[in-house]
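Survey of secondary and tertiary structure
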Amino acid sequence: MRKGLAVGGAGAIGAGLLANGLSLPAFAEESSNSLTKGDVAILRLLAAVEIIESDLWQQYNELGGIQDSEVQGGSGSAPYVAGLLVLDGEMFQYIRDNTEDEFSHMNFLNAYLASKGVDPVNLARFRTLPSSQATG
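All of these numbers come straight from a predicted model, not from anything done at the bench.

**A word on the overall build of the protein chain**
Of regular secondary structure, the protein chain possesses four helices and zero strands. Sequence-ordered secondary structure for the protein chain, helices as α and strands as β, is α-α-α-α. Relative to its 136 residues, the protein chain shows a buried fraction of 24%. Here the analysis covers contacts within the protein chain between residues at least 6 apart in sequence; of these, 64% occur between residues at least 24 apart. Accessible area of the protein chain: about 9600 Å², with a carbon and sulfur share of 62%.

Set out below in structure tokens:
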């Protein structure tokens, strides 16, 4: 009970400070159209994570996703896809769709940053290996 009162009391005090106009630098003002340094840092971190995720999903798609013109990918691996089909008959579609989603997230976050005058995240300088060229 004491713990709940302490947490509740701290939340009430924090809400009271914010209601009385205390400005926290990590948060943008509601009427402002600009991003704070904290906003930019969080968005850039998320964009970097999405770049890494898109790379991992692209590799997964190269092995077992649907190979089409909408998502970058390789030629697929027939034995790998056969194994996936044992697990789930729609797994190749799931992989392809998630890959496309990750690229969409990455592009959205970078486009948003650019629209706010912030350099988009680009991890190309860390890329040392090309995607797999394996045929099976």
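**Thoughts on the environment of S104**
Assignment of secondary structure puts S104 in helix α4 (residues 91–115). Along the chain, S104 and E50 lie 54 residues apart, while their C-alpha atoms are 9.0 Å from each other.

**Observations concerning the nonpolar core**
Nonpolar side chains tend toward joint burial in soluble globular proteins. Formed by V40, L43, A47, A48, I51, F103, M106, L109, L113, V118 and V121, the largest nonpolar core amounts to 11 residues. At the level of secondary structure, the elements contributing two or more residues to this core comprise α2 (37–64) and α4. Considering every element that reaches this core, the biggest residue donor is α2, with five residues. Contact partners of I51, with chain neighbours within four places excluded, come to M106, N110, V121, N122 and L123.

**Some thoughts on the pattern of salt bridges**
One pass over the full model with this rule turns up two salt bridges. In this structure, the salt-bridge partner of D97 is R96, at a minimum N-O distance of 3.3 Å. R96 serves as the salt-bridge partner of E100, at 2.9 Å between the closest nitrogen and oxygen. Taken together, the positions of E100 and R96, both in helix α4 and four residues apart, correspond to about one turn of that helix. Through salt bridges with shared partners, a single network forms among R96, D97 and E100.

**Comments concerning the packing of aromatic side chains**
Per the counting criterion, the structure on display carries three aromatic pairs. Judged by centre distance (5.4 Å) and plane angle (45 degrees), the rings of W57 and Y60 are tilted. Here W57 pairs with Y60, and both are found in helix α2, just three residues apart, close to one helical turn. By relative accessible area, which is 18% here, W57 ends up buried. A residue is classified by how much of its surface remains accessible, and Y60, at 24% relative accessible area, is partly exposed. Between the aromatic rings of W57 and Y94, the centroid separation amounts to 6.0 Å while the plane-to-plane angle is 75 degrees, which identifies the pairing as edge-to-face. With W57 in helix α2 and Y94 in helix α4, this residue pair connects regions lying 37 residues apart in the sequence.

**Observations regarding the side chain of T36**
Mapped onto the elements of the fold, T36 is located in the loop between α1 (2–19) and α2. In terms of polar contacts, T36 uses its side chain to reach the backbone amide nitrogen of D39, at 3.0 Å.

**With respect to α4**
The α-helix advances 3.6 residues per turn, and as a result positions three or four apart in sequence lie on the same side. Counted at 1.5 Å a residue, the expected span for α4 with its 25 residues is 36 Å, and the 36 Å between its end C-alpha atoms agrees. Buried residues of α4: M91, I95, R96, N98, T99, E102, F103, M106, L109, N110 and L113, and no others. Tucked inside the fold, the buried residues of α4 contact α2 and α3 (78–87). Phi turns positive one or two residues past the end of α4, at G117, with a value near 80 degrees.

What counts, and where the lines are drawn
Residues numbered from 1 in each chain as written. Predicted model: local features only at pLDDT ≥ 70, side-chain atom pairs only at ≥ 80, totals over all residues. Heavy atoms only, no water. Helix = DSSP H or I, 4+ residues; strand = E, 2+ residues; numbered from the N terminus. Buried < 20%, exposed > 50% of the residue type's maximum accessible area, 1.4 Å probe, protein only. Contact = heavy atoms within 4.5 Å. Areas by Shrake-Rupley, 256 points an atom, 1.4 Å probe, with all protein chains shown as cover. Core = buried A, V, L, I, M, F, W, Y, C linked by side-chain atoms within 4.5 Å. Salt bridge = Lys/Arg side-chain N within 4 Å of Asp/Glu carboxyl O. Phe/Tyr/Trp six-rings, centres within 6.5 Å; stacked < 30°, edge-to-face > 60°. Polar contact = N/O pair within 3.5 Å; in protein donor to acceptor, adjacent residues only side chain to side chain. Expected span 1.5 Å × (residues − 1).

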